[in-house]
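# Structural features, examined
These are the residues of each chain, in order.
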Amino acid sequence: MEGVQEKLAVIARNTYQCVAGQHLFDAILAEGDKPPVLSAIMKAYCTERGREAVNEAMDVIGGAGIIKGPSNYLATAYCAMPIAITVEGANALTRSLIIFGQGLNRSHPHLLKLIESIQKGDDIIGFNQELKNIIVHAMSNLGSSISRGLAVQFQPKGNDVAGYYEAQMSRLAANFAFCSDVGMTMGGGLKTAEYISGRYADILSNLYIGYACLWYYQNNKNVKGLSKVLDIAMADCCHKIQEAFFGIFSNFPIPGLGPMMRVLTFPRGREYFPAKDSLRRDVSNLITCPTEVRALLTDNVFVSKKESDRVNQIARAVTLAFDADKVLSACRKEKREPTEEEQKLINAAEELREKIIQVDTFETIGKDHRGEFMKPSWTVTKLEKAEQ
């Protein structure tokens, strides 16, 4: 069903992006670094992607997701997502104030020194030197933005998906560096212009996630089919970065600078678009069949050993149903009935499928007043009397 495939593709894409971001961040921590901005990015943007994935999953499992009981394996995650979004720095605050506000000060090679020269009060020479360095740096970033923008026009995707998106990331990173320099013309107003700051945060965060996806792919490129997941993940990152850029261009408060940035960084207009339906179909199939991609993305997922556990049943059903489908397909093609062993396999898959689709049910509370609660005259007092 394509409606379900559409949602499964989002789940696969978001899972890959979060897993890649997590592994790269762990590698950075293992080197002894303590990157506060990347920590904020991971918290805000992985929880947002997690929320989207859980919401899509709730749509897929239908009624089983809204009846809270032992078979509902998504209810706890669904209820917990607002907690993940809110605690340890609410995502709205993190996105609008922290990621770009702190990131610009910490990552810019000259801005912090310029601020220090201002704090000294009388360091005119130092201030002029750092201001000159910032202007030179901005012009250098502009040159990189234009040259890389031209270079990617001659970079076909072909079979080298990683090489293609690496070039796109390089171009978008240069665009971000230049537009960040332009953003400093807002002065201290940039920190309070949270619409603009939030869009800069979107760009920076998706740049990190994009590079994480490429890094993770290079470490696991032997996994069959992973290039398709990389493709859909990178298409999403590039599209989100582009839309954040155009949001800045349309809303930059200093007249003329928004259109100027757009012409210099995206002279051909919008160039990145969401993944095509054919790619989404392929990706959804990769996580619903016993593939190497599915094994990679579920490597750290806990699965209970209890056969009555719904996640355990689904994990077993993936292989069992896949094998049963192959037998049925062969029987139709060869116009024959299944053998005894094949029929056992088909029956086992059907039995497990029947268990999985069942929804938790409970007896009605207060049988004596069945239907009464639908009437305007019904009250809690009447319920209590009926139960006595």
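Structure's up top.
Now for a description of the structure that goes with this document. These figures come from a predicted structure and were not determined experimentally.

Parameters at a glance
- Residues numbered from 1 in each chain as written.
- Predicted model: local features only at pLDDT ≥ 70, side-chain atom pairs only at ≥ 80, totals over all residues.
- Heavy atoms only, no water.
- Helix = DSSP H or I, 4+ residues; strand = E, 2+ residues; numbered from the N terminus.
- Contact = heavy atoms within 4.5 Å.
- Areas by Shrake-Rupley, 256 points an atom, 1.4 Å probe, with all protein chains shown as cover.
- Core = buried A, V, L, I, M, F, W, Y, C linked by side-chain atoms within 4.5 Å.
- Buried < 20%, exposed > 50% of the residue type's maximum accessible area, 1.4 Å probe, protein only.
- Phe/Tyr/Trp six-rings, centres within 6.5 Å; stacked < 30°, edge-to-face > 60°.
- Lys, Arg positive; Asp, Glu negative; His and termini not counted.
- Salt bridge = Lys/Arg side-chain N within 4 Å of Asp/Glu carboxyl O.
- Polar contact = N/O pair within 3.5 Å; in protein donor to acceptor, adjacent residues only side chain to side chain.
- Disulfide = S-S within 2.5 Å.
- Arc of directions from axis to C-beta.
- Axes fitted to C-alpha atoms, helices over the stretch in contact; angles between N-to-C directions.
- Parallel < 35°, antiparallel > 145°, perpendicular 65-115°, else oblique.
- Left-handed = near helix turned anticlockwise from the far one by under 90°.
- Nonpolar A, V, L, I, M, F, W, Y, C, P; charged D, E, K, R; others polar.
- Expected span 1.5 Å × (residues − 1).

Summing up its helical and strand segments, the chain has 16 helices and zero strands in all. For the chain, the share of sequence-separated contacts (at least 6 apart) that also reach a separation of at least 24 residues comes to 73%. Carbon and sulfur atoms provide 57% of the accessible area of the chain, an area that totals close to 21800 Å².

Take the nonpolar core next. By size, the foremost hydrophobic cluster in this structure holds 81 residues, and its most contacted members are Tyr16, Leu172, Tyr200, Leu230 and Phe245. Sorting elements by how many residues they give to this core places helix α10 (residues 226–251) first, with 15 residues. If sequence neighbours within four positions are ignored, Tyr200 has contacts with Phe100, Phe176, Cys179, Ser180, Gly183, Leu190, Ile248 and Phe252.

Describing an aromatic ring pair means giving the distance of the ring centres and the angle of the ring planes. Taken as a whole and judged by the stated rule, the model has 10 aromatic pairs. Measuring from centroid to centroid gives 5.7 Å for Tyr16 and Tyr216, while their planes differ by 65°, and the two rings are edge-to-face. Note that Tyr16 is positioned in helix α1 (residues 2–30) and Tyr216 in helix α9 (residues 194–219), a separation of 200 residues in sequence. The exposure classification of Tyr16 matches that of Tyr216, with both residues buried. When the ring of Tyr164 is compared with that of Tyr165, the centres are 4.9 Å apart and the planes differ by 75°; the resulting orientation is edge-to-face.

Further remarks concern the side chain of Arg310. Mapped onto the elements, Arg310 comes out in helix α14 (residues 310–334). Although Arg310 is buried, it makes no salt bridge; Asp360 carries the closest opposite charge, 5.9 Å away. Separated by 3.2 Å, the side chain of Arg310 and the backbone oxygen of Lys355 make a polar contact. Not counting the four nearest positions on each side in its chain, Arg310 is found in contact with Ser71, Tyr73, Lys355, Ile356 and Gln358.

Per the stated rule, a full pass over the model turns up zero disulfides. Cys237 takes part in no disulfide bond, and the closest cysteine sulfur, belonging to Cys213, lies 5.0 Å away.

Another aspect to go through is helix α3 (residues 75–86). Owing to its 3.6 residues per turn, the α-helix brings residues three or four apart onto one side. For α3, the complete set of buried residues consists of Ala75, Met81 and Ile85. Looking straight down α3, one finds that the buried residues subtend no more than 125° of arc, so they occupy a single side. What points out from α3, more than 90 degrees from its buried face, is the exposed set Thr76 and Ile83. Positive phi appears at Glu88, one or two residues downstream of α3, with a value of about 55°.

A separate point is the pattern of salt bridges. Summed over all chains, the structure comprises 20 salt bridges. Asp277 is the partner of Arg280 in a salt bridge, and the nearest nitrogen-oxygen pair spans 2.6 Å. In this pair, Arg280 and Asp277 both sit in helix α12 (residues 277–288), three residues apart, roughly one turn of the helix. The partly exposed category is assigned to Arg280, whose relative accessible area is 24%. Among the residues examined, Asp277 registers a relative accessible area of 48% and is labelled partly exposed. In this structure, Arg353 engages Glu350 in a salt bridge whose closest nitrogen and oxygen atoms are separated by 2.5 Å.

Moving on to the packing of helix α2 (residues 36–61) against α3. The interhelical angle for the contact between α2 and α3, taken along N-to-C directions, is 160°, at an axis separation of 9 Å. The orientation of α2 with respect to α3, classified from their angle, is roughly antiparallel. Considering how the two elements wind past one another, α2 and α3 form a crossing that is left-handed. Between α2 and α3, the contacting residues are Lys43, Thr47, Glu48, Gly50, Arg51, Val54, Asn55 and Met58 on the first element and Ala77, Tyr78, Met81, Ala84, Ile85 and Thr86 on the second. The residue inventory of the contact of α2 with α3, partitioned by class, reads seven nonpolar, four polar and three charged.

Relative placement of two packed helices is described by the angle separating their axes and the distance separating the axes. It is the contact of α1 with α2, at a shortest axis distance of 9 Å, that shows an interaxial angle of 155°. The pairing of α1 with α2 is recorded here as roughly antiparallel in orientation. In this structure, α1 meets α2 at a crossing whose hand is left-handed. Together, Val4, Lys7, Val10, Ile11, Arg13, Asn14, Gln17, Cys18, Gly21, Gln22, Phe25 and Ile28 of α1 and Leu38, Ser39, Met42, Cys46, Arg49, Glu52, Ala53, Glu56, Ala57, Asp59 and Val60 of α2 make up the contact between the two elements. A class-by-class count of the residues in the contact of α1 with α2 yields 12 nonpolar, five polar and six charged.

With that settled, the discussion passes to the environment of Gly183. Tracing the backbone shows Gly183 in helix α7 (residues 161–183). Given a relative accessible area of 0%, Gly183 falls into the buried group. Along the primary structure Gly183 and Tyr200 are separated by 17 residues, whereas in three dimensions their C-alpha atoms are 9.2 Å apart. Those residues in contact with Gly183 that lie beyond four places of it in its chain are Leu190, Tyr200 and Phe252.

Quick look at α2 now. The end-to-end C-alpha distance of α2 is 37 Å, a good match for the 38 Å that 26 residues give at a rise of 1.5 Å each. Looking one or two residues beyond α2, the residue adopting positive phi is Gly62, at roughly 60°.

Although it is not a glycine, Lys335 sits at a positive phi angle of roughly 55°. Mapped onto the fold, Lys335 is located in the loop between α14 and α15 (340–356).

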